Structure formats: C-alpha cells, structure tokens
Amino acid sequence: MSDPGSVSGGTGLEAAAAAGVDQLSHVDDSSQKQRKPRSLWSDAWGELRRKPTFIISLVIILIVVLMAIWPSLFTSVDPRHANLDKSLQKPSAEAWFGYDLQGYDVYARAMYGARASLLVGIFSTILTVLIGSFVGIIAGYAKTWIDSLLSRFADIFAGIPFVLGAIVILTTLNAPNENPGVVRIVTQVVLSIAVLSWPVVMRIMRSATLVAKQQDYVKAARGLGASPMRIVFRHLLPNTIAPVLVYGTIALGAFIGAEATLAFLGIGLRPPVVSWGVMISESRDYFQSAPHMLLFPAGFVTVTVLAFVMLGDAVRDALDPKSR
Amino acid sequence: MTQPLLEVEDLHVEFRTHDGVAKVLNGVSYHVSAGETLAVLGESGSGKSVTAQTIMGILDMPPAFITNGSIKFRGEDLLKKSAEERREVRGEGIAMIFQDALSALNPVFTVGFQIEEQLKVRRGMSKADARKRAVELLDQVKIPNAKGRISDYPHQFSGGMRQRAMIAMSLALDPELLIADEPTTALDVTVQAQIMDLLAEIQSERDMGMILITHDLGVVADVADRISVMYAGRIVEHADVYELFRAPGHPYTESLLESLPRLDLKGQELKTIKGLPPSLTNIPPGCPFNPRCPRAFDRCVTEVPTVHNLGMGRTSRCHIAEEVVARG
C-alpha cells in the first residue's frame, strides 16, 4: 500500500526548494494544496473513474437508460405498427431484429420495451433495499424484543412463495379481464416484488449490523456522546451497506426476470404495454421457428443485468477503503 | 482537599447470562481529582474495563445490570441522570480511549472526519473551523505533517499513530476526565513509552483527571499518582504509587510485584501467581484471593476482609493488611 502522505510531502519539498524556501511550514502548505479534502464518496468516485469495468458498465447502463427515456432516438419505427404480411420474418437490413408474430418490428419493440423493464427493475430494487435496510439495521442495532418482533414479521413475508404471493396480490388488485393502465400495473408489479423480497435484504442488513455493532468504533462513538440515530445511520450504515449493494445489483437482474415471469403468467405487465418480459413471453411458442423473437429481448435483459452486476462489484470495491 | 472530579462508590454490576449471574463488580470505590492520574491495575477479568464502561455508560444493558452504587461526576450522580443527560457528559465531561485503536476508529471515514464530526455536531463549528481545530489536535498529539495526514484513513496510519489519532479524537471536546483503557497494550514497547509520555504530558498541560487502566506495572510506575489494585471485582488495595511499590499492603499486590521479571535474577525461573482468578459466577466465600494467597489462614476462607485503613489515604482489603505492609 502506498503512503500518500510521504509522497505528497516529497513533492511539496521539491516545490519548496524550487521556490528557495526551506521552512517546514511551507512543506505542509504545499502538500495541503495538492490534496483536496476527501470524503468516503469522493474517494470512491476517484477510484471508480479509473476502473474499466465501471466505465463499460456505466456506458451500457446509460445507453439503456437513454433507451428508456427517449426510445425514439434509437428507432423511427412505431412499435405498435403491425404488418401481418411480415409475421415471423427473420432479421434483415430493413428490420435488424426481424418481425414477431403480429408483424411488429422486434428492434423497435426492444427499444421501447426498455422503459417498462428498467422501471420495474430499478424501482423494485430501490424499494426492496430501502425497506429491508431500514428494518434490518434497526433490528440489528436494537437487539431486544424489537429485533424479535421485526425478524418474525420479516419471516412471515419470507415464508410466502414468490410466484404464489405475486399471483394472489396481483389478481386481488385487478379483477379478471380488467386491463389496468401502464402506471397502475407497473406500480402494482413493483410493490408486489418489493413486498415479497425485502426480508432478504433485511436479513443481510441485520447480520451485517450485528457484526459491525460489536466493533469498538461503535463503543467509541457512544463513548464520545454520539446519539443512537447518528451511530446507526452515520457510523454503522456505511459499514453495512456493501453487502446490500451487492445483493441489490443481483436483485435488479432477478427483478427484471421476475417482471418477465409475471408477464408470462399473464398477471404482470401485459400488452399493449411493451417490455422485454412481455416480448419474451410472447415468443414462447415460436422459439424453434423464430428464435430471434426470444434471443433479442433476452439478450437485452442479459446485457443490462450484467452491466448492473459489474457496476455493483466496482462500487463495492470502491466503498471499501481497505481494498485500495 | 477539594471535591474530587469523579467519585465511584460501592459500585455493583452483574451480568445475567444463561449460565448464571456473573458478579463482575462487587463494591468498587475510587475517586479522581483534576490534574491527577489514577491507575487501575488488575489482571484480565478483574473488572477494570467494566468499571470504566459503567462510568461512561456504554455498557450493554442487558445483560449487565447495575445493582448498587453511585458514580458522582462533579458532585452529580450519573446513574440518576437520564440517558440524554448522560450523553451530554460523554465526550465533553468524560472521554475514553480504547485499547485497539484500529477497531476503535471507523474504517470508512478519514481520521480528520472523525475528529471534525464531534466539533461540528456538538460545538456547531463550521467545516473550515472544525478542520483547523482537528489539525491543531493532531499537532498536539504529535502526528507529523498533521495537515497532510488528516485526510488519511485509519488503516493508512501505523499502530502508534492510530492511538495518537484516537487520543486527539477524545480530546476534541476538552473533557475534564480521560479514561484510558489499556491504551498501550496493542503497541510495541518503544511506541508504548511514547504514548504514555504523550498522555502524561497532555494530562498535566490540560490539568485533566485521568484514569489509566492497565495490567502493566511498568507503565503504572511512570505516570500514575495513585494506584487501585483490582481483584475479582473489588479494589483490594489502594495506595500512593511510591508507597505501593515500597511496601505493598495486600498479598495480591505483593505477588504481582514479585512476578515482575528482574534483571538481577536473570536465569532463574519467573515467579508467577499460582492458580487462576475465581470464576465470577462462583466467587469463593471469604476473601476471593484465598485459594491463591501464600499467606491465607482460617479466617480468609470464612470471612470477607473489610477495608483496612492504613493511613495517608491507603487502604487494603486483607485481614492482616497491617502485618503485610510492615513486612514490605
């Protein structure tokens, strides 16, 4: 491990010597100018900027996000324009990803489908991480009857099988044959995913808190008069967030997959909403005759998930000062 | 004599565990005045650190329970204060230094941030003022190039530097009393001496009271004014440092002094205290030291020794304290 103090001190000395000044205080001053005040996040950013995996994953994510916000930037074809003459046509120069059963342009639909898939993935992840972390860190720090209560409460939700739970929630919220609007169905899917997944984050956070709580720095912070809220959210949280972040990136992929599962079962997003999940479920009967219908949206899911996993990995490393 | 800064009286603490009740403190009393260093000496498990953590109010309760006693700081009983009032005292009134500075510093924050945080939160200082003050504090604890090292993380510091940073952190709010819980145990010998010198210097400069918890008699001799020797959750002997080294007043202290390695007895087997400290869930009747005491007699097995006053503020919990001192 390098020692930045001595390095900057050395260059400071040269600068001082060049200026013909040999007072020690000047050495300190010049080294001070050279090194900006640092914080956990600015240091992590400095570390991330130099990481190729971070740059690559960030570029991919930015493209996908751009796709989600302005899909018309990437295609001029209307994703809802069906031409049955072209049903199941293979990829060509005219339509890069070919046509699906209804004669929709698969490329255009993949661009427009990014929005719903990403929204579901990101919002479910954020909500899951927020609820799980909050409950987990409180339970881990309190470690009394509060912990028992919160843990049992989480166990109730953890005990519900995901698909069964989602079917119950989504069919209760929407009457059969009802066709809810885009915003409503996305919100419902996000909520049902979060409600059924937060106990995992809660357990990760709780165990990380239990470990971190034993450290002397928590005692030291208490000993110097820090309030319980400050100790939990300022001192413990940065030490316990790393495993949750890593789970979050994996979960984001899993949730985009969950969106596809629910769409496949006909209870999640559904046409006319366009999403990668909807596209995958539409392709299920035609994989042998028209594999492009499955491969392109599935490829988008895979690349997006991979980008998030790489990003999470890089962020985790950067947030751990010891890995520098 | 003016009123002592801190007065601990008849403190009883027990840990209620699944294996039974461990009586960790069984009537600890000591006091420290401003500008004075009290050393609390004892082997592992004698209750030194638990006493300190009880004073700080950072003991995990449960499993710990304070069953009796009082802790008066500036004449006010801390145990009668609300949690919020006690929090005010921590850092500003009493601060604490821990044994292992690496684990006592938060690994994800820079050393500077950890010092500045208290100044910003408790003193309402601006970011720039807090940074200036933090540099001053690091200078005071003799960290070379304090300005340059302030944005380093704890793991970039050496062991001695970390302990210095920890000291700077605990001094940030100008406490009147500093509790140092084995501050040099995790350090190598040369660094130990530097840290002890630093603590002694800071203590006299600021006219602070200091409680130095240690199991190292050598450390004690240099810096302490008075010594309290603990055994099985009790203060067994209390004396001025010179008096104690000249003539120990309790057989336990005597055995401790005899077990120090000595240059003039090179080549001989080191003397040790035979046996183990008593299990705190099952303290033997009578004097807790009786199974290991070379001077034990009938009364020691049946009767808990009372505090014998030996004059000049000197006390000993031994049936034959007067005889032991006279022999010394």
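Residues numbered from 1 in each chain as written. Chains lettered and ligands numbered in written order. Predicted model: local features only at pLDDT ≥ 70, side-chain atom pairs only at ≥ 80, totals over all residues.

Novice: Please clarify how the overall build of chain B should be interpreted in this entry.
Specialist: Along chain B, the regular secondary structure elements total 13 helices and 12 strands. Relative to its length of 328 residues, chain B is compact, with a C-alpha radius of gyration of 21 Å against a globular reference of 20 Å. With the C-alpha coordinates of chain B rotated into their principal frame, the extents come out at 70 × 50 × 45 Å. Once local pairs closer than 6 in sequence are excluded, the contacts in chain B between residues at least 24 apart make up 64%. (Helix = DSSP H or I, 4+ residues; strand = E, 2+ residues; numbered from the N terminus. Rg over C-alpha atoms; globule rule 2.2 N^0.38 Å. Contact = placed C-beta atoms within 7 Å.)

Novice: I tried to follow the sheet that holds strand E1 (residues 6–17) of chain B on my own but got confused; where do I start?
Specialist: In a beta sheet, neighbouring strands pair by backbone hydrogen bonds and run either parallel or antiparallel. All names here are of chain B. Read across the sheet, four strands follow the order E2-E1-E4-E5 without closing on themselves; strand pairing throughout is antiparallel. With partners counted over all chains shown, the strands left at the sheet margins are strand E2 (20–32) and strand E5 (76–77), one partner each. Pairing of E1 with strand E4 (residues 64–73), which is carried by eight bridges, proceeds in the antiparallel orientation. Its bridge partner being in E4, Val8 is matched across the sheet by Ile71. Packed on one face of the sheet, helix H1 (residues 48–56) meets E1, E2 and E4 and runs near 105 degrees to E1. (Pairing = 2+ DSSP bridges. Axes fitted to C-alpha atoms, helices over the stretch in contact; angles between N-to-C directions.)

Novice: Is there a simple way to think about the nonpolar core in this case?
Specialist: Soluble globular proteins tend to bury their nonpolar side chains together. Residues and elements named next belong to chain B. Counting residues in hydrophobic clusters, the biggest one holds 164 residues, and the most contacted among them are Leu138, Ala165, Met166, Ala168, Ile179 and Ile211. Contacts of Met166, omitting those with residues within four sequence positions, involve Ile97, Phe98, Ala101, Ala104 and Leu105. Of all hydrophobic cores here, the second largest spans five residues; its members include Cys318, Ala321, Val324 and Val325. (Core = buried A, V, L, I, M, F, W, Y, C linked by C-beta atoms within 7 Å. Buried ≥ 20, exposed ≤ 12 C-beta atoms within 10 Å, placed from the backbone.)

Novice: When you look at the confidence of the model for chain A in this model, what are you seeing that I'm missing?
Specialist: Where the model shows low pLDDT, its predicted coordinates should not be examined in detail. Counting all residues, the mean pLDDT for chain A is 78, and 85% of those residues have values of 70 or more. Taken as a whole, residues 1–37 of chain A scores under 50 in pLDDT and shows 39 contacts with residues more than four places along the chain or in a different chain. (pLDDT = per-residue confidence, 0-100.)

Novice: Hey, could you run me through helix H7 (residues 159–171) of chain B in this one?
Specialist: Note: α-helices contain 3.6 residues per turn, so residues at a spacing of three or four share the same orientation. Residue and element names in this part refer to chain B. End to end, H7 covers 19 Å across 13 residues, agreeing with the expected 18 Å (1.5 Å per residue, within 8%). Of all 13 residues in H7, 11 are buried, a share of seventy percent or more. Buried within H7 we find Gly160, Met161, Arg162, Gln163, Arg164, Ala165, Met166, Ile167, Ala168, Met169 and Ser170. Looking at the buried side of H7, the elements it contacts are strand E6 (94–97), helix H3 (101–104), helix H4 (111–123), helix H5 (127–140), strand E7 (177–181) and helix H8 (189–206). (Expected span 1.5 Å × (residues − 1).)

Novice: Would you mind going over the environment of Arg184 of chain A with me for this structure?
Specialist: Residues and elements named next belong to chain A. By secondary structure assignment, the location of Arg184 is in helix H8 (residues 182–213). Classification of Arg184 as exposed rests on a count of 12 C-beta atoms within 10 Å. Separated by 83 residues in sequence, Arg184 and Ile267 have C-alpha atoms that sit 13 Å apart.

Novice: Please clarify how the packing of H8 of chain A against helix H10 (residues 228–264) of chain A should be interpreted in this entry.
Specialist: When two helices pack together, their arrangement is given by the angle between their axes and by how far apart the axes lie. Residue and element names in this part refer to chain A. Direction vectors running N to C along H8 and H10 enclose 155 degrees, while the axes themselves pass 9 Å from each other. Judged by the angle between their axes, H8 and H10 are roughly antiparallel. In this structure, the crossing between H8 and H10 has a hand that is right-handed. Packed against H8, whose contacting residues are Val189, Ile193, Ser197, Val200, Val201, Ile204, Met205, Ala208, Thr209, Ala212 and Lys213, the element H10 presents Leu236, Asn239, Thr240, Pro243, Val244, Tyr247, Ala251, Phe255, Ala258, Glu259 and Leu262 at the interface. Across the contact of H8 with H10, the residue classes break down as 16 nonpolar, four polar and two charged. (Parallel < 35°, antiparallel > 145°, perpendicular 65-115°, else oblique. Left-handed = near helix turned anticlockwise from the far one by under 90°. Nonpolar A, V, L, I, M, F, W, Y, C, P; charged D, E, K, R; others polar.)

Novice: Can you help me understand the sheet that holds strand E10 (residues 234–240) of chain B in this one?
Specialist: Residue and element names in this part refer to chain B. If you trace the eight strands from one edge of the open sheet to the other, you get E6-E7-E8-E3-E9-E10-E12-E11, paired in mixed fashion. The sheet is open, and its two borders are formed by E6 and strand E11 (308–311), each paired with just one other strand. Neighbour to neighbour, the strand axes of the sheet diverge by 20 degrees on average, direction disregarded. Looking at chain direction, E7 and strand E8 (residues 209–214) are connected through five bridges and run parallel. Its bridge partner lying in E8, Ile179 is registered against Ile211.

Novice: Where do I start with helix H2 (residues 83–92) of chain B in this structure?
Specialist: If you check which residues of H2 of chain B are buried, you get Arg86, Val89, Arg90 and Gly91 of chain B. On its buried face, H2 of chain B sits against helix H9 (216–223) of chain A together with H1, E4, E6 and H4 of chain B.

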